[in-house]
Amino acid sequence: MTPYVFHPARIVADRIEAEGIHTFTMRFTEPRVRRAYRFAAGQFNMLYAYGVGEVPISIVSDPAEPETLEHTISAVGRVTNVMARWKVGDVAGVRGPYGRGWPLDEARGREVIIVTGGLGCAPVVGVIDYIFRRRDEYGPLHILHGVKTPRDLLYRERFEVWQRHPRTRVYLTADRPDVAWRHRVGVVTNLFDEISPDPSAVVMMCGPEVMMRFAARVLSDKGVSEDNIYLSMERHMQCAIGLCGHCQFGPHFVCKDGPVFRYASVKRLFGFDNL
């Protein structure tokens, strides 16, 4: 299956996460494509709205079930506004998967810390589900998630399920809470005082770049090796195969060298404009 060709996929389910945010479940219409398609947690697909355009969207489903794909889409632009109006039965174009995913093999047997902010939780949803399906293969799991307001909290049902799993802790915080909020207040890095990470812990992080930069420094100060901290970077991607140059990140291309990078390999690039 070539990743440079669009294949039709039918929308088989639509879950509304919040206003203007949908998680679509898709299934390739061609049986041979369904059988051949494989992806790793942390990779992304290029989704195509026929006659409108394409955008890169993280795959949020479990790699163990590649015949159905889930993508969370936020209506924030010309193409995604059209995609947000998709209905069950509609057909989209899918090409991929692309990029480098999370270090799940390296994390086996070790403590895992997931740090996310806002919509940054989408690229790690597949990771969390992957670990839960193989819970005995991984150590303690800490999920730290920050949002601006409680209305921005996606995957509410999943968070409730996750916190009931053994050897798993979920920590939530909001910058601007409402009267019903029962969790911490402030930025996600405020949650770090709730954990005492093992030096060998593997950290997987996604969210605003300034958050990841600060969080990586704090975790490093708490004894976590920079080689064990991984970040999912976001850039404007158009081709997904490293040709157009729009997603260049220093000497790297996010579409093919990332989106997941080891923090130690890219930390010198943080703080520079237009990188």
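See the structure printed just above.
Before going into details, it helps to say that this report is about the structure given with it. (Residues numbered from 1 in each chain as written. Predicted model: local features only at pLDDT ≥ 70, side-chain atom pairs only at ≥ 80, totals over all residues. Heavy atoms only, no water.)

## Some thoughts on the side chain of Arg 95
Okay, step 1: Tracing the sequence through the fold places Arg 95 in strand β6 (residues 91-98).
Okay, step 2: With relative accessibility at 8%, the residue Arg 95 sits in the buried group.
Okay, step 3: Engagement of the side chain of Arg 95 in a polar contact is seen with the backbone oxygen of Cys 239, the distance being 3.0 Å.
Okay, step 4: Filtering out sequence-adjacent residues up to four positions away, Arg 95 remains in contact with Pro 3, Tyr 4, Val 5, Phe 6, Asn 45, Met 46, Glu 54, Gln 238, Cys 239 and Ala 240. (Helix = DSSP H or I, 4+ residues; strand = E, 2+ residues; numbered from the N terminus. Buried < 20%, exposed > 50% of the residue type's maximum accessible area, 1.4 Å probe, protein only. Polar contact = N/O pair within 3.5 Å; in protein donor to acceptor, adjacent residues only side chain to side chain. Contact = heavy atoms within 4.5 Å.)

## Brief notes about the packing of aromatic side chains
Okay, step 1: With the rule as written, the count across this model stands at 8 aromatic pairs.
Okay, step 2: Seen from their ring centres, Phe 28 and Tyr 37 are 5.2 Å apart, and the 50° between their planes marks the pair as tilted. Note on accessibility: Phe 28 and Tyr 37 belong to one class, buried.
Okay, step 3: Each ring, one from Tyr 48 and one from Tyr 50, has its centre 5.2 Å from the other, and the planes form 80°; the classification is edge-to-face.
Okay, step 4: On the basis of relative accessibility, which here comes to 24%, the residue Tyr 48 falls in the partly exposed class.
Okay, step 5: The class of Tyr 50 is partly exposed, set by a relative accessible area of 44%.
Okay, step 6: Every member of this aromatic cluster is reached through a ring pair, and the members are Phe 6, Tyr 48 and Tyr 50.
Okay, step 7: A cation over an aromatic ring shows up here: Arg 134 above the ring of Tyr 130, its NZ or CZ 3.6 Å from the ring centre. (Phe/Tyr/Trp six-rings, centres within 6.5 Å; stacked < 30°, edge-to-face > 60°. Lys NZ or Arg CZ within 6 Å of the ring centre and 35° of its normal.)

## Focus: helix α6 (residues 209-221)
Okay, step 1: With 13 residues, α6 extends 19 Å from end C-alpha to end C-alpha; this agrees with the ideal 18 Å at 1.5 Å per step.
Okay, step 2: For α6, the complete set of buried residues consists of Met 211, Met 212, Ala 215, Ala 216 and Leu 219. Viewed end-on, α6 has its buried residues packed into an arc of 125°, placing them on one side of the element. The exposed residues of α6 that point more than 90 degrees off its buried face are Val 210 and Asp 221.
Okay, step 3: Its buried side turned inward, α6 meets β7 (112-117), β11 (202-206), β12 (229-232) and α8 (263-266).
Okay, step 4: In the segment just after α6, Gly 223 is the residue with positive phi, at about 105°. (Expected span 1.5 Å × (residues − 1). Arc of directions from axis to C-beta.)

## Section: the state of the cysteines
Throughout this description, disulfide means a covalent bond between two cysteine sulfur atoms.
Okay, step 1: Going through the model one piece at a time under the given rule, you end up with 0 disulfides.
Okay, step 2: In this structure Cys 255 is not part of a disulfide, and its nearest cysteine sulfur, from Cys 247, lies 3.7 Å away. (Disulfide = S-S within 2.5 Å.)

## What about the pattern of salt bridges?
Note that side chains of opposite charge can pair when their charged atoms are close.
Okay, step 1: A full pass over the atoms with the stated rule returns 18 salt bridges.
Okay, step 2: Here Glu 106 makes a salt bridge to Arg 110, at a shortest N to O gap of 3.9 Å.
Okay, step 3: Note on Glu 106: relative accessible area 29%, which makes it partly exposed.
Okay, step 4: Among the ionic contacts, a cluster of salt bridges with common partners joins Asp 62, Glu 65, Arg 133 and Arg 134. (Salt bridge = Lys/Arg side-chain N within 4 Å of Asp/Glu carboxyl O.)

## A closer look at the pairing of β7
Okay, step 1: Burial within β7 is extensive, with 6 of its 6 residues counted as buried.
Okay, step 2: Where β7 meets strand β8 (residues 141-147), 6 bridges bridge the pair, whose relative direction is parallel. The partner of Thr 116 across the bridge, within β8, is His 145.
Okay, step 3: Summarising the sheet, β7 and β11 pair through 5 bridges and their orientation is parallel. Within the sheet, the bridge partner assigned to Ile 114 lies in β11 and is Met 204. (Pairing = 2+ DSSP bridges.)

## A closer look at the layout of surface pockets
Okay, step 1: Its volume calculated, the largest pocket comes out at about 960 Å³.
Okay, step 2: Surrounding the largest pocket, 34 residues form its lining, Pro 56, Ile 57, Ser 58, Glu 234 and Arg 235 being those nearest its centre.
Okay, step 3: Going through the elements one at a time, β3 (44-49), β4 (53-58), β5 (69-74), α4 (122-133) and α6 are the ones with two or more residues in the lining of the largest pocket.
Okay, step 4: Here the element with the most residues in the lining of the largest pocket is β4; it accounts for 5 residues.
Okay, step 5: Looking at the lining of the largest pocket, its residues break down into 17 nonpolar, 13 polar and 4 charged.
Okay, step 6: Taken as a whole, the second largest pocket spans an internal volume of roughly 510 Å³.
Okay, step 7: Along its surface, the second largest pocket is lined by 23 residues, and Gly 118, Gly 146, Val 147, Lys 148 and Asp 152 are the ones closest to its centre.
Okay, step 8: Of all the secondary structure elements, the ones that give two or more residues to the lining of the second largest pocket are β8 and α6.
Okay, step 9: If one sorts the elements of the lining of the second largest pocket by residue count, α6 sits on top with 3 residues.
Okay, step 10: For the lining of the second largest pocket, a count of residues per class yields 11 nonpolar, 7 polar and 5 charged. (1 Å grid on protein atoms, 1.4 Å probe; cavity = no way out; pocket = protein on both sides within 12 Å on 5 of 7 lines; lining within 4 Å. Points joined across faces, edges and corners; volume = space filled by probe spheres on them. Nonpolar A, V, L, I, M, F, W, Y, C, P; charged D, E, K, R; others polar.)

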